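Residue strings, one per chain:
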Amino acid sequence: DGNAQDWHIGIDDSADDLTIGLGSTLGTTSHIVIDEAGIVRMPLQSAFSAQAGSALSNVATNNAAHTVPLSTEIFDLNADFNTGTYTFTAPVTGKYLLTFSATLDNVDTGATFVVIYIKTSNRNYSDSNTFGINGYSGDEPRVEVSQTVVADMDASDTAIIAVRQHEGTAQMDVGDDGCHFSGYLVA
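None of the values given here were measured: they were computed from a predicted structure.

Reading guide: rules and limits
- Residues numbered from 1 in each chain as written.
- Predicted model: local features only at pLDDT ≥ 70, side-chain atom pairs only at ≥ 80, totals over all residues.
- Heavy atoms only, no water.
- Salt bridge = Lys/Arg side-chain N within 4 Å of Asp/Glu carboxyl O.
- Helix = DSSP H or I, 4+ residues; strand = E, 2+ residues; numbered from the N terminus.
- Buried < 20%, exposed > 50% of the residue type's maximum accessible area, 1.4 Å probe, protein only.
- Phe/Tyr/Trp six-rings, centres within 6.5 Å; stacked < 30°, edge-to-face > 60°.

> How should the pattern of salt bridges be read in this particular structure?
Pairing is possible between side chains of opposite charge, provided their charged atoms come close. Under the defined criterion, the tally for this structure stands at four salt bridges. Residues Asp152 and Lys95 are paired through a salt bridge, measuring 3.3 Å at the closest nitrogen-oxygen approach. One end of the pair, Asp152, is in strand E13 (residues 140-153); the other, Lys95, is in strand E10 (residues 94-107), and 57 residues separate them in sequence. What makes Lys95 partly exposed here is its relative accessible area of 38%. For Asp105, the salt bridge identified is with Arg142, shortest N-O distance 3.9 Å. Of this pair, Asp105 sits in strand E10 while Arg142 sits in strand E13, placing them 37 residues apart in sequence. The exposure class assigned to Asp105 is buried, which follows from its relative accessible area of 17%.

> Help me understand unusual backbone geometry in this model?
Peptide bonds are mostly trans, and most non-glycine residues show a negative phi. Of note in this structure, Ala79 is not a glycine but carries a positive phi near 55°. Mapped onto the secondary structure, Ala79 falls in the loop between strand E7 (72-76) and strand E8 (81-82). Look at Ala79 and you get exposed, because its relative accessible area is 67%. Although it is not a glycine, Tyr86 adopts a positive phi angle of roughly 60°.

> In this structure, what is going on with the packing of aromatic side chains? I would like to understand it.
According to the stated counting rule, one finds five aromatic pairs in the structure shown. Both rings, one in Phe48 and one in Phe88, keep their centres 4.7 Å apart while their planes meet at 20°; by these two values the pair is stacked. Taken together, the residues Phe48 in strand E5 (residues 47-51) and Phe88 in strand E9 (residues 87-89) connect sequence positions 40 residues apart. We note that Phe48, like Phe88, is buried. Plain terms: the ring middles of Phe81 and Phe181 are 6.2 Å apart, the flat faces sit at 75° to each other, and that makes the pair edge-to-face. Remark: Phe181 occurs in strand E16 (residues 180-185) and Phe81 occurs in strand E8; sequence separation between them is 100 residues. Assigned by exposure class, Phe81 and Phe181 land together as buried.

And the structure:
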């Protein structure tokens, strides 16, 4: 019995789980669940996975970063991902594992480079891919890109995925097939 909140610690006999959670009754709002094999689950821990609902077509070459439309949730354990703005918002201060993968279609040979960003409130994490200067003889029909980072985020900081093409014709698409953004609070 806490001053402002009640907590419970108990054994759930039906599942043989040790449960710690909010509320005075076992099974209400479980925060930590440990099963008989020692596997620990935290069902309210921030974790999400989203995918593109549509392609980002003909990315403009004005050197601006364009947000990738990740409008379909695969899962969102703590309701921290907004499918309308394609934005993850950190619920608490911590270290977040953020990953992104996508395919770039029809990359123009005249593009000097393409940058994929995981843009957070604190800093941008980028990965550049050079194209035209590598001596490609023509447009690249399909380029796979990915990025992983452990980002330091404060409570209410945000993260989005963006892409920028430098020079060349605006014909590159960020395909909706295989375009994913995932995150998990690790510390």
